[in-house]
Amino acid sequence: MALRSVACYDRTVTEGPGLAAVIRERSSEILASWIVRFERSPLRFRRASKAAMHTAQVANLVEALCVAAAAGDELRPGTDATRELERSAAFLGAQFSSEGATGFDAAALLLELRDVVATMVSTEDAAKLTRLFEWLTVVACDTFAASGLQSLRERVSDQLELGTPVVELLPKVPAVFLVGSPSGSVVDSLLSRAWMLAVGTGAPCLIVDTVVLAESAVHAFEAGYQGFLEQAEGSALQVLLSNARRPLREKAADATSKVGLAFQHFDRLDSAVAHSLERAGHLLMRRT
């Protein structure tokens, strides 16, 4: 007797599309239920964000989840099928951070969505969704934290760039007083302003004081200082570095000599000012 052949399919072929079909057919119900659950979620504290602000993003998440489920990859984190979901979760984390919300809000959005979908699918599919949404929540919270830290760095950089003194202490005596731990781009911008001040006043020297520059800013100073040297190369300007630690002083002296600029270091600011005044007076006497 001929044996009847039984068609056998991979489990992901039979279960994946089934889960996708459920999500697709009940997407409107999923979204409506999520709105209610998110507004009432006990995970939220400040409740700075309203569900209406994120309905479109959640709708995109549901659509991406449907596509991932149809791919038949068992909804495993880090696969091609879940890549769009991970991008969406990362975007949500950054968006919550920019709105001044909390990480609890970002977690509530994803976990409440997980719970809504889990009630509409099989127990096995619900377990897959739980693992996947735990991963997406971690992605969103990580991006939330990274975005907040980047925003803080940008605010600090703006404050340092605006608040760092770049002044003419006396006629033809320009100086910049580096403070805190500025980034390389901030150091470059400050030294560029100081260079323009020196050019505009016809000063023979530029004082760069580092008495309150953080030790952690040494590498940033090197990067920003190199940009300044490229601007000043070929000029007769003398760089007067004051109150610099030995490693910074040695690196600055070496970099300055390579572009042919005069360089001198002073342990005290008043000594640098006196030298700058002497140079300015000498040049004025020569012109008369």
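Residues numbered from 1 in each chain as written. Predicted model: local features only at pLDDT ≥ 70, side-chain atom pairs only at ≥ 80, totals over all residues. Heavy atoms only, no water.

### Here we look at the overall build of the chain
Item 1. Within the chain, the secondary structure is distributed over ten helices and five strands.
Item 2. Against the 2.2 N^0.38 benchmark of 19 Å for 288 residues, the chain shows a C-alpha radius of gyration of 31 Å, more extended than a compact globule.
Item 3. Per-residue burial for the chain yields a buried fraction of 43% across its 288 residues.
Item 4. When the accessible surface of the chain is totalled, it reaches about 15,200 Å², and 56% of it is carbon and sulfur. (Helix = DSSP H or I, 4+ residues; strand = E, 2+ residues; numbered from the N terminus. Rg over C-alpha atoms; globule rule 2.2 N^0.38 Å. Buried < 20%, exposed > 50% of the residue type's maximum accessible area, 1.4 Å probe, protein only. Areas by Shrake-Rupley, 256 points an atom, 1.4 Å probe, with all protein chains shown as cover.)

### Some remarks on the pattern of salt bridges
Item 1. What the rule picks out here adds up to 13 salt bridges.
Item 2. A salt bridge links E39 to R44, with the nearest nitrogen and oxygen atoms 3.8 Å apart.
Item 3. Classification of E39 as partly exposed rests on a relative accessible area of 31%.
Item 4. The partner of D105 in a salt bridge is R44, with the nearest N and O atoms 2.9 Å apart. A residue pair is termed long-range when its members are at least 10 positions apart, and D105 in helix α5 (residues 103-118) and R44 in the loop between α2 (27-40) and α3 (55-70) qualify at 61 residues.
Item 5. Overall, the relative accessible area of 0% leaves D105 in the buried class.
Item 6. The class for R44 is buried, based on a relative accessible area of 4%.
Item 7. One connected set of salt bridges, linked through shared partners, spans R37, E112, R114 and D115. (Salt bridge = Lys/Arg side-chain N within 4 Å of Asp/Glu carboxyl O.)

### What to know about the nonpolar core
Item 1. Grouped together as the largest cluster of nonpolar side chains are 40 residues, with contacts concentrated most on I23, L109 and L113.
Item 2. Broken down by secondary-structure element, the contributors of at least two residues to this core are α1 (11-25), α2, α3, α4 (83-98), α5 and α6 (123-163).
Item 3. Discounting residues that sit within four places of it in the chain, L113 has contacts with I30, W34, V58, L61, V62 and F133. (Core = buried A, V, L, I, M, F, W, Y, C linked by side-chain atoms within 4.5 Å. Contact = heavy atoms within 4.5 Å.)

### Digging into helix α8 (residues 218-232)
Item 1. Between its terminal C-alpha atoms α8 stretches 21 Å, which fits the 21 Å expected from 15 residues at 1.5 Å a residue.
Item 2. Where α8 is concerned, the buried positions are V218, A220, F221, G224, Y225, G227, F228, L229 and A232.
Item 3. As for α8, its buried residues are in contact with β2 (173-180), α7 (184-201), β3 (205-213), β4 (238-242), α9 (246-258) and β5 (262-266).
Item 4. In the stretch just after α8, G234 is the one whose phi turns positive, near 90 degrees. (Expected span 1.5 Å × (residues − 1).)

### Remarks on the environment of F177
Item 1. Tracing the chain through its elements places F177 in strand β2.
Item 2. Assessed through its relative accessible area of 18%, F177 is described here as buried.
Item 3. Distance from F177 to V212, taken between C-alpha atoms, is 8.0 Å for residues 35 residues apart in sequence.
Item 4. Discounting residues that sit within four places of it in the chain, F177 has contacts with T164, P165, V167, L169, D209 and L269.

### Some remarks on the pairing of β3
Item 1. Judged by how many residues are buried, β3 sits mostly within the fold: seven of nine residues are covered.
Item 2. Where β2 and β3 come together, five bridges link them in parallel fashion. In the strand pairing of β3, F177 is matched with D209.
Item 3. Note on the crossover from β2 through α7 to β3: the handedness is right-handed.
Item 4. Relative to β4, β3 is paired through five bridges, and the arrangement is parallel. By the bridge assignment, L206 is partnered in β4 with V239.
Item 5. Each parallel crossover has a hand, and for β3 linked through α8 to β4 it is right-handed. (Pairing = 2+ DSSP bridges. Right-handed = clockwise from strand over helix to strand, strands pointing away.)

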